[in-house]
Amino acid sequence: MSWGTELWDQFDNLEKHTQWGIDILEKYIKFVKERTEIELSYAKQLRNLSKKYQPKKNSKEEEEYRYTACKAFLSTLNEMNDYAGQHEVISENMTSQITVELARYVQELKQERKSHFHEGRKAQQHIETCWKQLESSKRRFERDCKEADRAQQYFEKMDADINVTKADVEKARQQAQLRHQMAEDSKADYSSILQKFNHEQHDYYHTHIPNIFQKIQEMEERRIGRIGESVKTYAELDRQVIPIIGKCLDGIVKAAESIDPKNDSQLVIEAYKSGFEPPGDIEFEDFTQPMKRTVSDNSLSNSRGDGKSELKFGGKSKGKLWPFIKKNKGATPEDFSNLPPEQRRKKLQQKVDELNKDIQKEMDQRDAITKMKDVYLKNPQMGDPASLDHKLAEVGQNIEKLRLEAQKFEAWLAEVEGRLPARSDQARRQSGMYDLQNPPAVNNCAQDRESSPDGSYTEEQSQEGEVKVLATDFDDEFDDEEPLPAIGTCKALYTFEGQNEGTISVVEGETLYVIEEDKGDGWTRIRRNEDEEGYVPTSYVEVYLDKNAKGAKTYI
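Residues numbered from 1 in each chain as written. Predicted model: local features only at pLDDT ≥ 70, side-chain atom pairs only at ≥ 80, totals over all residues. Heavy atoms only, no water.

### Structural notes on the pattern of salt bridges
By the definition in use, this model includes 21 salt bridges. The partner of Arg47 in a salt bridge is Glu88, with the nearest N and O atoms 2.9 Å apart. Taken together, the residues span a long stretch of sequence, with Arg47 in helix 2 (residues 11-52) and Glu88 in helix 4 (residues 68-160) at a distance of 41 residues. Residue Arg47 is classed as partly exposed on the basis of its relative accessible area, which comes to 28%. Overall, the relative accessible area of 23% leaves Glu88 in the partly exposed class. With a closest N to O distance of 2.1 Å, Glu147 and Arg150 form a salt bridge. Here Glu147 pairs with Arg150, and both are found in helix 4, just 3 residues apart, close to one helical turn. Glu147 gets classed as partly exposed once you look at its relative accessible area, which sits at 25%. Salt bridges sharing partners connect three or more residues here, namely Glu516, Arg525, Arg527 and Glu533. (Salt bridge = Lys/Arg side-chain N within 4 Å of Asp/Glu carboxyl O. Helix = DSSP H or I, 4+ residues; strand = E, 2+ residues; numbered from the N terminus. Buried < 20%, exposed > 50% of the residue type's maximum accessible area, 1.4 Å probe, protein only.)

### Some words on the pairing of strand 5 (residues 541-545)
The buried fraction of strand 5 is high, at 4 of 5 residues. Pairing between strand 1 (residues 488-492) and strand 5: 5 bridges, direction antiparallel. Each residue of the ladder has a partner; that of Thr489, found in strand 5, is Tyr544. (Pairing = 2+ DSSP bridges.)

### Let's talk about the packing of aromatic side chains
Inspection of the entire model under this criterion finds 13 aromatic pairs. Between Tyr28 and Phe31, the aromatic rings sit 6.1 Å apart at their centres with planes inclined by 35°, giving tilted as the arrangement. One end of the pair, Tyr28, and the other, Phe31, are both in helix 2, 3 residues apart, so they sit about a helical turn from each other. On the numbers, 6.4 Å between centres and 75° between planes, the contact of Tyr53 with Phe73 is edge-to-face. Of this pair, Tyr53 sits in the loop between helix 2 and helix 3 (60-64) while Phe73 sits in helix 4, placing them 20 residues apart in sequence. You can call Tyr53 partly exposed: its relative accessible area is 40%. With relative accessibility at 36%, the residue Phe73 sits in the partly exposed group. A connected cluster of aromatic rings, assembled from ring pairs, spans Tyr494, Phe496, Trp523 and Tyr540. Just above the ring of Tyr67 sits the side chain of Arg66; from NZ or CZ to the centre is 5.6 Å. A cation over an aromatic ring shows up here: Arg226 above the ring of Tyr105, its NZ or CZ 4.6 Å from the ring centre. (Phe/Tyr/Trp six-rings, centres within 6.5 Å; stacked < 30°, edge-to-face > 60°. Lys NZ or Arg CZ within 6 Å of the ring centre and 35° of its normal.)

### Structural notes on the packing of helix 2 against helix 5 (residues 166-257)
Viewed as axis vectors pointing N to C, helix 2 and helix 5 meet at an angle of 15°, and their least axial separation amounts to 11 Å. In terms of orientation, helix 2 lies roughly parallel with respect to helix 5. For the element pair helix 2 and helix 5, the recorded crossing hand is left-handed. Looking at the contact of helix 2 with helix 5, its residues break down into 15 nonpolar, 4 polar and 4 charged. (Axes fitted to C-alpha atoms, helices over the stretch in contact; angles between N-to-C directions. Parallel < 35°, antiparallel > 145°, perpendicular 65-115°, else oblique. Left-handed = near helix turned anticlockwise from the far one by under 90°. Nonpolar A, V, L, I, M, F, W, Y, C, P; charged D, E, K, R; others polar.)

### Topic: helix 6 (residues 261-272)
End to end, helix 6 covers 17 Å across 12 residues, agreeing with the expected 16 Å (1.5 Å per residue, within 8%). When we look at burial in helix 6, the residues that qualify are Asp264, Leu267 and Ala271. Buried residues along helix 6 cover an arc of 55° about the axis, so they all sit on one side. Residues of helix 6 that are buried make contact with helix 4 and helix 8 (341-378). A side-chain oxygen of the first residue of helix 6 lies 3.2 Å from the backbone nitrogen of Lys262; this N-cap is Asp260. (Expected span 1.5 Å × (residues − 1). Arc of directions from axis to C-beta. Contact = heavy atoms within 4.5 Å. Polar contact = N/O pair within 3.5 Å; in protein donor to acceptor, adjacent residues only side chain to side chain.)

### Concerning the side chain of Glu39
Relative to the helices and strands, Glu39 resides in helix 2. Ignoring sequence-local partners within four residues, the contact set of Glu39 consists of His87, Ile90 and Ser91.

### A short note on the packing of helix 2 against helix 4
Packing of helix 2 against helix 4 leaves a shortest axis separation of 8 Å and a crossing angle of 165°. On the basis of their axis angle, the class for helix 2 and helix 4 is roughly antiparallel. Taken as a pair, helix 2 and helix 4 cross one another with a handedness that is left-handed.

### Concerning the confidence of the model for the chain
For the chain, per-residue confidence averages 79 on the pLDDT scale, and residues scoring 70 or more make up 78% of the total. Of all helices and strands in the chain, the one with the weakest mean pLDDT is helix 10 (residues 426-431) (34), whereas helix 2 scores best (94). Of the regions scoring below 50 in pLDDT, residues 292-329 engages in 98 contacts with residues more than four places distant in sequence or in other chains. Here residues 549-556 is modelled with pLDDT under 50, and outside its nearest four sequence neighbours on either side it reaches 30 contacts, counting other chains as well. (pLDDT = per-residue confidence, 0-100.)

### Quick word on a nonpolar patch on the surface
A cluster of nonpolar residues, Leu49, Tyr53 and Phe73, forms a patch on the protein surface that exposes about 280 Å² of accessible area. Summarising the element assignment, Leu49 is placed in helix 2. Residue Leu49 is classed as partly exposed on the basis of its relative accessible area, which comes to 45%. (Patch = residues over 30% accessible without salt bridge, like charges linked within 9 Å, V, L, I, M, F, W, Y side chains within 5 Å. Areas by Shrake-Rupley, 256 points an atom, 1.4 Å probe, with all protein chains shown as cover.)

Put into structure tokens, the structure is as follows:
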């Protein structure tokens, strides 16, 4: 099967077919190029997606990734980043091994095709030139033969005419012989050219054209084979990244299997545990005995109202700050006193660990400088030992500052650890007399009574769904309010140090005036004198309301 023998007369069609083959190859190159662009775009989108959901540094999101479920999600994001990288590899390999190579091959193919068809056209022009020469010699031979016949007829006519002179007859005879000679010469020339043409034509159709068409056929078959190789490479480049993509997916599965619900639940306990004990039982209030109260509930509410809005839950209506909520006046206290005991202990421990690490770094630096100084002492040409004294002194000062700082935080830590209630202390749990010397304890006790949904402690930690109070100035509202009348007295059962704004310190056994009873928040408002009043935990006092009030005393 050869194009040279089978398609010897299809030069134009072969030219069109080979051009179509090059167009097909260029179309395939364009297809692969667009595929690489898609792979790059897909990889870029995957990377952007992974980056979008990565936790922000030094943010609350970063703390959330302690949980195994969040760690699994983070692992998934990292694996997707690697997954995107494999699509970039596909794009790069397809570009270098297919697109670039085929583009170079197409240029070579076009040049080779041009050369073959140029050679074919040259052969065509040569055979056409030989054909024209043959036609010309043929026409000349035909013309000379006709001229010879006419000259012979003219001679015979002159020879038969008795009126023609002998000289005219001889002239006609010589002209006839000349014409016959010219015809014989034309015949010989025509015969020679015909033989030459037949030889050229035989070579053209049996040698030149078959060779040229054979080269074109081989060129076309190479093109087809190259497309096949490229398609195979196209699949292999995809197949090469499958194991790595499989590892990425295995990593995601492994991350999913590492999720531990129990561990996450324990982390929630560690994150939000306050360290307080639950309050004790509420004592029975005997309402069978008449009690005096100078001001009824309605009058108490009216006396406090005076057109001012009461504190509301779940909204942003204007109201005074709760006395057990620490006002946000800027940065977090250095000793983390705004946190519950357990959370405060964790923060202090973390701070101590950080300071110890910093101390160790400074000590390592001091050791390195000391060694360098020893080297300078032994080899003065390397440097001046005295030049390091200032640096050593500076490092020593830094170490001393860090140690003092660490001692300060360790003292706070020891104080907190000494105040954390023991789980087995039934008496403290029943009486509700857990240590409230630390301001955060007061805050959290009150919040336990309020049962805030997420157990948050300060305004800074408040989340959606907990008690929301508009941060108005508590002191200003106290100044604006008129003094409330006393509705009874109370006796301090335990000593309480009121360190938060709005609270008041009391000593065990001290008697004070009650100006506002517990409204369900676990706090009672009392007054010592005209200038000293504030809130104390209701469980810390024994309240005696006026005889007009219902009930003699209450424990909350």
